[in-house]
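Each chain is listed here by its residues.
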Amino acid sequence: MRVLVVEDERNLADAIVRGLRKRGMAVDVAYDGDTGHEAAFVTRYDVVILDRDLPGVPGDRICADLAASGTLTRVLMLTASGTVADRVEGLQLGADDYLPKPFAFDELVARVQALGRRATPAAPPVLALADLVLDPARRVVARGGVPVELTNKEFGVLAELLKARGAVVSSEELLERVWDANTDPFTTIVRVTVMTLRKKLGDPPLIETVVGAGYRTAEERSA
């Protein structure tokens, strides 16, 4: 899941970023409304965590512009004011959810995960291919009933390939969906991650390389 945090309280913003990354999400951050507004329209995020009171472009404007664009990006609006009137106004601007400060981090994570599921086309609750099973909610993978220990990035790559159901997914798409904006676009990290993922999943191989295009799952191509 790709998330953008737009929050001018740097300590809070950085804490949110660290916490979400530990949960396996690819997270970018902007500390003002101008940077946040630009980022929200340059990259396709699943969820934008948006402070309402921002220097530069106001959070309300960013929210309204995202809603007007027709994007699937979901907006979780944060504010120091938690009155009913404020929540109603935020939702009317196009926010998908509203969380007053201070908040419990576990609640923030649960809301982001729920919004993320609404930001992408519906996928089965459990992804499977041959004897491989990936459970996104529990973040577990097993092959032939045997658990497979994966890093967050390996898990993310595998989930994206399984969701594609045999369609080719380019390195650029994997880089955008699984890593964050600080990653060098010319890095070989996707190729290396796929290589280690193949080793961990074992034989017969479940991931194919399509030369010059990307990767796909090896789904019954002999038929």
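Residues numbered from 1 in each chain as written. Predicted model: local features only at pLDDT ≥ 70, side-chain atom pairs only at ≥ 80, totals over all residues. Heavy atoms only, no water.

1. With respect to the domain arrangement of the protein
In step 1: Segmentation of the protein into domains returns domain 1 (2–119) and domain 2 (127–217).
In step 2: With eleven residues of domain 1 at the contact, the number on the domain 2 side is nine residues.
In step 3: Taken together, the links from domain 1 to domain 2 amount to one salt bridge.
In step 4: Between Asp46 and Arg177 there is a salt bridge, with its nearest N and O atoms 2.7 Å apart.
In step 5: Where domain 1 packs against domain 2, one counts four residue pairs in polar contact (both at pLDDT 80 or more).
In step 6: Here the residues of the side of domain 1 that touches domain 2 sort into two nonpolar, two polar and seven charged. (Domains from an automatic or database assignment. Contact = heavy atoms within 4.5 Å. Salt bridge = Lys/Arg side-chain N within 4 Å of Asp/Glu carboxyl O. Polar contact = N/O pair within 3.5 Å; in protein donor to acceptor, adjacent residues only side chain to side chain. Nonpolar A, V, L, I, M, F, W, Y, C, P; charged D, E, K, R; others polar.)

2. Some words on the side chain of Glu7
In step 1: Counting through the fold element by element, Glu7 comes out in the loop between β1 (2–6) and α1 (10–22).
In step 2: Residue Glu7 is classed as buried on the basis of its relative accessible area, which comes to 0%.
In step 3: Not counting chain neighbours up to four residues away, the residues in contact with Glu7 comprise Leu12, Ala13, Ala30, Tyr31, Asp51, Leu54, Leu78 and Lys101. (Helix = DSSP H or I, 4+ residues; strand = E, 2+ residues; numbered from the N terminus. Buried < 20%, exposed > 50% of the residue type's maximum accessible area, 1.4 Å probe, protein only.)

3. Some points on unusual backbone geometry
In step 1: A cis amide bond links Lys101 with the next residue in sequence, Pro102, at an omega value of -10°.
In step 2: Between Asp203 and the following residue, Pro204, the backbone shows a cis peptide bond with an omega angle of -5°.
In step 3: By the secondary structure assignment, Pro204 is in the loop between α8 (189–201) and β10 (207–210).
In step 4: At Ala130, a residue that is not glycine, the phi angle is positive and equals roughly 55°.
In step 5: Considering the arrangement of structural elements, one finds Ala130 in the loop between β6 (127–129) and β7 (132–135).
In step 6: With a phi angle near 55°, Arg165 is a residue other than glycine that sits in the positive phi range.

4. Some thoughts on the layout of surface pockets
Unoccupied space between atoms shows up once a probe the size of one water molecule is rolled over them.
In step 1: Its boundaries defined by the atoms lining it, the second largest pocket holds a volume of some 330 Å³.
In step 2: Where the lining of the second largest pocket is concerned, the elements lending two or more residues are β1, β2 (26–30), α2 (33–42) and α7 (171–178).
In step 3: When residues of the lining of the second largest pocket are assigned to their parent elements, the largest contribution, four residues, is made by β2.
In step 4: Classifying every residue of the lining of the second largest pocket by side-chain character gives eleven nonpolar, four polar and eight charged. (1 Å grid on protein atoms, 1.4 Å probe; cavity = no way out; pocket = protein on both sides within 12 Å on 5 of 7 lines; lining within 4 Å. Points joined across faces, edges and corners; volume = space filled by probe spheres on them.)

5. A few points about the pairing of β10
In step 1: As judged from the four bridges shared by β10 and strand β11 (residues 214–217), these two strands associate in the antiparallel manner. What sits directly across from Glu208, in β11, is Arg216. (Pairing = 2+ DSSP bridges.)

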